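Chain by chain, the residues:
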Amino acid sequence: MPQEKSGQLHPSWQAVIGGEFDKPYMQALRAFLKEKKVTGKVIYPPSSLIFNAFNHTPFEQVRVVIIGQDPYHGQNNAGQPQAHGLSFSVPKGVDLPPSLQNIYKEIEADLHIKMSKSGDLTPWAEQGVLLLNATLTVEQANAGSHQNKGWEAFTDAAIAALNKQRENLVFVLWGSYAQKKGAIIDESKHLVLKSVHPSPLSAHRGFFGNHQFSNINQYLKQHGQAEINWQI
């Protein structure tokens, strides 16, 4: 939980947004999460993984930002949570959620590579892809239950810091929610890629065929950076 900021957030991020932990909204969020825990609510992801996106992708190593909305609120048949702190990602052994299946389909069509059955996107995170959900926790089986409790302000601060202090990043905004979240991004400094969400409800309206993964790599290469190996 966010009450223990030291040791939970990578030092590079602590230096940039660590001050957020002392603000009133974060104190209110801390109290909210504590109350849920006391009343026996199951919260995903596990507390040790809440800041997983930040800890796998240090501030100075971020090259691409993929913005999601909420952690997954379910689990597999063995009781393993789907959420592990990376947007769109699930741990090894958990079936691919529908949106991630569609992301894989687009990668295969765009880059002509075969994706595995693992939905663990940690290899992306370790190459500089910040897999950031707007809200970092959720109650089991209760989608959106931790929205508007303070997390959005925290992740807004992270996006604002990247926008201001870094250059030539790629921000990937799928769906209207992510596009609103990314409205502050300076498109003269960064590449902003937008499309509909990869959800089965919308993917056929412009996600499939958007070639964003090859576009990301082309932009990175143009700016002297290594391409992302998208293969899982």
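Below, the structure is looked at part by part. (Residues numbered from 1 in each chain as written. Predicted model: local features only at pLDDT ≥ 70, side-chain atom pairs only at ≥ 80, totals over all residues. Heavy atoms only, no water.)

Broken down by element type, the protein carries eight helices and six strands. Since a compact globule built from 232 residues should have a radius of gyration of about 17 Å, the 17 Å found for the protein is in line with a globular shape. In terms of its C-alpha atoms, the protein occupies a principal-axis envelope of roughly 50 × 40 × 30 Å. Put simply, the protein has 232 residues, and 52% of those count as buried. Pairs at least 24 apart in sequence give 66% of the contacts found in the protein among residues at least 6 apart. Split by element, the accessible area of the protein, about 10,500 Å² in all, is 50% carbon and sulfur. Looking at the protein, you have 21 positive and 19 negative side-chain charges, and the mean spots of the two groups are 3 Å apart. (Helix = DSSP H or I, 4+ residues; strand = E, 2+ residues; numbered from the N terminus. Rg over C-alpha atoms; globule rule 2.2 N^0.38 Å. Buried < 20%, exposed > 50% of the residue type's maximum accessible area, 1.4 Å probe, protein only. Contact = heavy atoms within 4.5 Å. Areas by Shrake-Rupley, 256 points an atom, 1.4 Å probe, with all protein chains shown as cover. Lys, Arg positive; Asp, Glu negative; His and termini not counted. Charge placed at Lys NZ, Arg CZ, Asp CG, Glu CD.)

So, about the sheet that holds strand 5 (residues 170–174). Reading across the sheet, the four strands line up as 3-2-5-6 and stay open at both edges, with parallel pairing between neighbours. The outermost strands of the open sheet, each flanked by one partner alone, are strand 3 (129–133) and strand 6 (191–195). Each neighbouring strand pair of the sheet contributes to a mean axis angle of 20°, computed without reference to strand direction. Note that strand 2 (residues 64–68) and strand 3 share five bridges and pair parallel. (Pairing = 2+ DSSP bridges. Axes fitted to C-alpha atoms, helices over the stretch in contact; angles between N-to-C directions.)

We now examine the layout of surface pockets. Taken as a whole, the largest pocket holds about 520 Å³ of empty space. Gln69, Asp70, Tyr72, Phe88 and His197 are, among the 28 residues lining the largest pocket, the residues nearest its centre. For the lining of the largest pocket, the secondary structure elements donating two or more residues are strand 2, helix 4 (98–111) and helix 7 (175–181). Within the lining of the largest pocket, the residues separate by chemical class into twelve nonpolar, 15 polar and one charged. (1 Å grid on protein atoms, 1.4 Å probe; cavity = no way out; pocket = protein on both sides within 12 Å on 5 of 7 lines; lining within 4 Å. Points joined across faces, edges and corners; volume = space filled by probe spheres on them. Nonpolar A, V, L, I, M, F, W, Y, C, P; charged D, E, K, R; others polar.)

Right, let's get into empty space enclosed by the protein. All told, the structure shown has one cavity of 30 Å³ or more when counted by the stated rule. Looking at the largest cavity, its volume works out to about 50 Å³. Looking at the largest cavity, the residues that line it are Ile50, Ala53, Pro71, Gly85, Leu131, Leu132, Asn133, Thr135 and Leu136. In terms of residue count, strand 3 provides more of the lining of the largest cavity than any other element does, three residues in total. Looking at the lining of the largest cavity, its residues break down into six nonpolar, three polar and no charged.

With 15 residues, helix 2 (residues 24–38) ought to run about 21 Å at 1.5 Å a step, and its terminal C-alpha atoms sit 21 Å apart, in line with that. Of all the positions in helix 2, only Tyr25, Met26, Leu29, Phe32 and Leu33 are classed as buried. The buried residues of helix 2 occupy an angular sector of 115° when projected down its axis, which confines them to one face. Within helix 2, the exposed residues directed more than 90 degrees away from the buried face are Pro24, Lys34 and Val38. Phi turns positive one or two residues past the end of helix 2, at Gly40, with a value near 85°. (Expected span 1.5 Å × (residues − 1). Arc of directions from axis to C-beta.)

Here we come to the nonpolar core. Grouped together as the largest cluster of nonpolar side chains are 68 residues, with contacts concentrated most on Trp13, Phe54, Ile103, Trp124 and Phe154. The greatest single-element share of this core, amounting to seven residues, is contributed by helix 6 (residues 151–165). Non-local contacts of Trp124, meaning those with residues more than four positions away in its chain, are made with Ile66, Ile103, Ile107, Met115, Val129, Leu131, Phe213, Asn229, Trp230 and Ile232. (Core = buried A, V, L, I, M, F, W, Y, C linked by side-chain atoms within 4.5 Å.)

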